[in-house]
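Examining the three-dimensional arrangement
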Amino acid sequence: ETGVTQTPRHLVMGMTNKKSLKCEQHLGHNAMYWYKQSAKKPLELMFVYSLEERVENNSVPSRFSPECPNSSHLFLHLHTLQPEDSALYLCASSQLGQSWRDTEAFFGQGTRLTVV
Amino acid sequence: AQSVTQLGSHVSVSEGALVLLRCNYSSSVPPYLFWYVQYPNQGLQLLLKYTTGATLVKGINGFEAEFKKSETSFHLTKPSAHMSDAAEYFCAVSRSNTGGFKTIFGAGTRLFVKA
């Protein structure tokens, strides 16, 4: 199995739908992340979970709701999205130790989300 | 505050030519610096990273980068481009704090390799 797996790879949803993105890591890491990658914009960090607790939320709209039930799984629940939310959503994991900086993030392949 | 600037959103080189992708950073503390590569329809993959020690860092696929503190740069190079190097490249700097961890990414540089 690959290190970080995201499902689905592609998702098309209407603005009134509710859907969830799933991320699973098989690396034994203790931190997981959601990033948003839009065309012509820098990669944006959305949420960080460390030891299953949310430690960072970068002013993400409430229509995005993360869930981290255990250290291996991370979800992003979506509801009433807007067309501008269409993007590639990337999940990543890393092992945070004594030195927070000495980390390497392993990324999943992403979910390409299109909101219509 | 930390930030990363990648000069040039697109770079085009001929196969066999030198690859140079530029990255400048700003950081109030000694940085940890990274280069990631993203192939089409894929996530990001770490190419190399600088933490401490030797300022010339070698990574995968023949890439290397040199940390120059005086120039606040961490440019990525490869002596001879290959068609398979065509991808998007992201420079990143990491920040540590007691509340969590954040990696700041540059906007990315798309590398085109011409036959």
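Residues numbered from 1 in each chain as written. Chains lettered and ligands numbered in written order. Predicted model: local features only at pLDDT ≥ 70, side-chain atom pairs only at ≥ 80, totals over all residues. Heavy atoms only, no water.

1. Observations regarding the overall build of chain A
Helices and strands together make up the secondary structure of chain A, namely zero helices and 11 strands. For chain A, the sequential pattern of α-helices and β-strands runs β-β-β-β-β-β-β-β-β-β-β. The C-alpha radius of gyration of chain A comes to 14 Å, within 12% of the 13 Å expected for a compact globule of 116 residues. Each of the three principal axes of chain A carries a C-alpha extent, and together these read 45 × 30 × 30 Å. Counting across all 116 residues of chain A, residues that qualify as buried make up 46%. Sequence separation of 24 or more characterises 54% of the internal contacts of chain A that already satisfy a separation of 6 or more. Approximately 5600 Å² of chain A is accessible, and the part contributed by carbon and sulfur atoms is 49%. Of the charged side chains in chain A, 11 are positive and 11 negative, and the gap between their average positions amounts to 10 Å. (Helix = DSSP H or I, 4+ residues; strand = E, 2+ residues; numbered from the N terminus. Rg over C-alpha atoms; globule rule 2.2 N^0.38 Å. Buried < 20%, exposed > 50% of the residue type's maximum accessible area, 1.4 Å probe, protein only. Contact = heavy atoms within 4.5 Å. Areas by Shrake-Rupley, 256 points an atom, 1.4 Å probe, with all protein chains shown as cover. Lys, Arg positive; Asp, Glu negative; His and termini not counted. Charge placed at Lys NZ, Arg CZ, Asp CG, Glu CD.)

2. Structural notes on the pairing of strand β4 (residues 32-38) of chain B
Residues and elements named next belong to chain B. Most of β4 sits inside the fold, with seven of its seven residues counted as buried. Side chains Tyr32, Phe34, Tyr36 and Gln38 project from β4 onto one buried face, and the interleaved Leu33, Trp35 and Val37 project onto a second face that is buried too. Pairing of β4 with strand β5 (residues 44-50), which is carried by six bridges, proceeds in the antiparallel orientation. Bridge assignment links Gln38 to a residue of β5, and that residue is Leu44. The hairpin turn running from β4 into β5, its antiparallel successor, is five residues long, and Asn41 in that turn takes a positive phi close to 60°. (Pairing = 2+ DSSP bridges.)

3. Details of the confidence of the model for chain A
For chain A, per-residue confidence averages 88 on the pLDDT scale, and residues scoring 70 or more make up 92% of the total. Averaged over each element, pLDDT in chain A is lowest for strand β6 (residues 53-57) of chain A (74) and highest for strand β3 (residues 18-25) of chain A (97). (pLDDT = per-residue confidence, 0-100.)

4. What about the sheet that holds strand β1 (residues 4-7) of chain A?
Residues and elements named next belong to chain A. Taking strand neighbours across the sheet as the criterion, the four strands line up as β1-β3-β8-β7 in an open arrangement whose pairing is antiparallel. Each having just a single partner strand, β1 and β7 (64-70) make up the two edges of the open sheet. Mean inter-strand twist for the sheet, computed between neighbouring axes without regard to direction, equals 20°. As paired elements, β7 and strand β8 (residues 73-79) share five bridges and run antiparallel to each other. The partner of Pro66 across the bridge, within β8, is Leu76. (Axes fitted to C-alpha atoms, helices over the stretch in contact; angles between N-to-C directions.)

5. Remarks on the nonpolar core
Core analysis: the largest hydrophobic core is formed by 26 residues, its most contacted members being Trp35(B), Leu48(B), Leu76(B) and Tyr89(B). For this core, the secondary-structure elements that each account for two or more residues are β2 (10-14), β3 (19-26), β4, β5, β7 (64-68), β8 (73-78), β9 (87-97) and β11 (109-114) of chain B. Contacts of Leu48(B), omitting those with residues within four sequence positions, involve Leu33(B), Phe34(B), Trp35(B), Val57(B), Lys58(B), Gly59(B), Phe63(B), Glu64(B), Ala65(B), Phe74(B) and Leu76(B). Of all hydrophobic cores here, the second largest spans 22 residues; its members include Met32(A), Tyr49(A), Cys68(A) and Leu76(A). (Core = buried A, V, L, I, M, F, W, Y, C linked by side-chain atoms within 4.5 Å.)

6. Some thoughts on the confidence of the model for chain B
Detail in the predicted coordinates should be disregarded across regions flagged by low pLDDT. Looking at chain B, the pLDDT average stands at 89 and 91% of residues meet or exceed 70. Within chain B, no element has a lower average pLDDT than strand β10 (residues 100-105) of chain B, which sits at 70, and none a higher one than β8(B), at 97.

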